[in-house]
Amino acid sequence: MSSEDDSSQPTSKSKKPKYSRFTQQELPSCKPILTPGLVIGILICFAIVFVPIGLITFTATENVVEIVDRYDEDCIPLKSPDNPENERVGYIRDAGTNKTCIRTLIIPKKMKPPIYVYYQLDNFYQNHRRYVKSRSDHQLRYPSHASETKTCEPEATTNDNQPIVPCGLIAWSLFNDTYRFSRNNTSLEINKKDIAWHSERTRKFSSQVYPKNFQSGNLIGGAKLDETKPLSEQEDFIVWMRTAALPTFRKLYGRIETDLEAYDQITVIIQNNYNTYSFSGKKKLVISTASWIGGKNDYLGKMYMAVGGTSLLLAIIFTFLYLFKPRPLGDPTYLSWNRNRAAVRES
Ligand SMILES: *[C@@H]1O[C@H](CO)[C@@H](O)[C@H](O)[C@H]1NC(C)=O
């Protein structure tokens, strides 16, 4: 600092910082030298950890048996194929048409219970902002808050201003296809108990709130609810109210609790009620077992194996280089300016 600067700040003391190991940058530090041996060792450790985890998770999901049957297209008889969209919507809206649809599924491999039955919707945006907000959690939880329907527009009250319980678009659009299963002409029981989470049944949906004025408007959005049962016992409804984050989602319909043998023929009688035709949604029926890591999704296992495999491959390549084309560590002749000088000298 020049003396002029000093005179401009007459009161300032010396700017020199007090001595400390921090300000003087004398703290100990770790500067690992990545020698070939160390790098190869680290890569092999990665491989040893990742490959087995990948194999274990992959075989777990490989053992899951899953059957997916898309039925929305086949379950509507098309008479004039020139305008399928209109015809389908007309068919589904018409209360008089017979919506029963019979599907046959072949079990590819033995399935052990619990066998989960899901319905899957595609292109259904349960995460749309106005849809997600159109509900009243207070109303669902507290019997005395039945008239709290402000947040439920446009499904808040009936025409004569009675509060709808449960209100809102989510409840209004409740899925209403039903499935009945049979094998060799004997019906297969579907257990629909405990398909919703325990915490939802006991805390979010009251055992004292009963449906009222629900689905009473001109446009029916979906399933009706049994007015003699409290919300906490309407588990299909509770499952539907837990909105999905993505436009393709599955929701639990029930559980089959007997063994299904390989090549069994399962007959499913579907009531194809729900209108996904006006927005090109798809409807699928899914039957699946589960492993400790969930349903049939091999992504995680493959990812682990890919990372572990890449590490192993790199370790092998580095080992070969190290063995057959080694070079001394820290050799200054490899520095670019030294190499340039050498090139100049040669020419
Ligand atoms: C099922 O829901 C659709 C709307 O998706 C509605 O038009 C139809 O009336 C409902 N049917 C039954 C039986 O609830």
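Please read all numbers here as calculations on a predicted model, not as lab measurements. (Residues numbered from 1 in each chain as written. Predicted model: local features only at pLDDT ≥ 70, side-chain atom pairs only at ≥ 80, totals over all residues. Heavy atoms only, no water.)

This part is about the side chain of lysine 283. With respect to the helices and strands, the residue lysine 283 is situated in strand S9 (residues 282-288). Only 2.9 Å separates the side chain of lysine 283 from the side chain of aspartate 177, close enough to count as a polar contact. (Helix = DSSP H or I, 4+ residues; strand = E, 2+ residues; numbered from the N terminus. Polar contact = N/O pair within 3.5 Å; in protein donor to acceptor, adjacent residues only side chain to side chain.)

Let us now look at the UniProt feature "transmembrane region" (unreviewed entry) in the chain. According to UniProt, the feature "transmembrane region" (unreviewed entry) maps to residues 38-60 and 303-324 in the numbering used here. Helix and strand shares over residues 38-60 are 100% and 0% respectively, and the end C-alpha atoms of the span are 34 Å apart. What you have in residues 303-324 is 100% helix and 0% strand, and the ends, taken at the C-alpha atoms, are 32 Å apart. (UniProt positions renumbered as here; feature names shortened; annotations may be inferred.)

So, on to the site of the ligand. Around the ligand, the surrounding shell consists of Asn176, Ile220, Gly221, Gly222, Asn273, Tyr274 and Asn275. At 3.3 Å from an oxygen atom of the ligand is found a main-chain nitrogen or oxygen belonging to glycine 221. One of the backbone N or O atoms of asparagine 275 is found 3.0 Å from an oxygen atom in the ligand. Of the residues belonging to the shell around the ligand, the class tally is two nonpolar, five polar and no charged. (Near = heavy atom within 4 Å. Nonpolar A, V, L, I, M, F, W, Y, C, P; charged D, E, K, R; others polar.)

Picture the strands of a sheet paired through backbone hydrogen bonds; they go either parallel or antiparallel. The sheet built from four strands is open, its strands ordered S2-S8-S4-S5 with antiparallel pairing. Of all strands in the sheet, those with a lone pairing partner are strand S2 (100-106) and strand S5 (186-188), marking the two edges. When the angles between neighbouring strand axes are averaged without regard to direction, this sheet yields 30 degrees. (Pairing = 2+ DSSP bridges. Axes fitted to C-alpha atoms, helices over the stretch in contact; angles between N-to-C directions.)

As a further point, take the packing of helix H2 (residues 36-62) against helix H9 (residues 299-324). Any two packed helices are characterised by how steeply their axes cross, that is the angle between the axes, and by the distance between the axes. Direction vectors running N to C along H2 and H9 enclose 155 degrees, while the axes themselves pass 7 Å from each other. Between H2 and H9, the angle is such that the two are roughly antiparallel. Our pair here, H2 against H9, has a crossing hand that is left-handed. Among the residues making up the contact of H2 with H9, the classes are represented as 20 nonpolar, seven polar and one charged. (Parallel < 35°, antiparallel > 145°, perpendicular 65-115°, else oblique. Left-handed = near helix turned anticlockwise from the far one by under 90°.)

What follows covers unusual backbone geometry. Here the bond from glutamate 153 into proline 154 is cis, since omega is 5 degrees, no more than 30 degrees from zero. Topologically, proline 154 is positioned in the loop between helix H5 (137-141) and helix H6 (169-172). The residue asparagine 161 is not glycine, and still its phi comes out positive at about 65 degrees. Of note, asparagine 161 is situated in the loop between H5 and H6. A positive phi is found at serine 280, a non-glycine position, where the angle reads about 55 degrees. Structurally, serine 280 can be placed in the loop between strand S8 (265-271) and S9. Judged by relative accessible area, serine 280 falls into the partly exposed class, the value being 47%. (Buried < 20%, exposed > 50% of the residue type's maximum accessible area, 1.4 Å probe, protein only.)

Let's shift gears to the domain arrangement of the chain. Domain boundaries assigned for the chain yield domain 1 (68-296) and domain 2 (297-327). On a C-alpha basis, the centroid separation for the pair domain 1 and domain 2 is 47 Å. (Domains from an automatic or database assignment.)

Next up on the list: the pairing of S8. Only one face of S8 is buried: it carries Ile266, Val268 and Ile270, and the other face, with Gln265, Thr267, Ile269 and Gln271, is open. Both S2 and S8 contribute to a ladder of seven bridges, which runs antiparallel. In the sheet register, isoleucine 102 faces S8, and the bridge partner there is isoleucine 269. Sheet topology places strand S4 (residues 178-183) next to S8; six bridges connect them, and they run antiparallel. Across the sheet, tyrosine 179 pairs through a bridge with isoleucine 270, a residue of S8.

A word on the environment of threonine 178. Looking at the secondary structure, you find threonine 178 in strand S4. Note on threonine 178: relative accessible area 37%, which makes it partly exposed. Residues threonine 178 and glycine 37, spaced 141 residues apart in sequence, show a C-alpha to C-alpha distance of 63 Å. Other than its neighbours up to four places away in sequence, threonine 178 contacts Tyr253, Ile269, Ile270 and Gln271. (Contact = heavy atoms within 4.5 Å.)

Below, the discussion takes up the state of the cysteines. Tallied over the full model, the rule gives two disulfides. Here cysteine 75 is linked by a disulfide to cysteine 101, with a sulfur-sulfur distance of 1.9 Å. Disulfide cysteine 75 to cysteine 101: torsion about the S-S bond roughly -75 degrees, handedness left-handed. Of this pair, cysteine 75 sits in the loop between strand S1 (66-70) and helix H3 (84-93) while cysteine 101 sits in strand S2, and the two are 26 residues apart along the sequence. A residue is classified by how much of its surface remains accessible, and cysteine 75, at 5% relative accessible area, is buried. Classification of cysteine 101 by relative accessible area gives buried; the value is 8%. Across the disulfide, cysteine 152 is cross-linked to cysteine 167 (sulfur-sulfur distance 1.9 Å). Of the two residues, cysteine 152 is situated in the loop between H5 and H6 and cysteine 167 in the loop between H5 and H6; the sequence distance between them amounts to 15 residues. Given a relative accessible area of 1%, cysteine 167 falls into the buried group. Sequence-ordered numbering of the disulfide-bonded cysteines in the chain gives the connectivity 1-2, 3-4. (Disulfide = S-S within 2.5 Å.)

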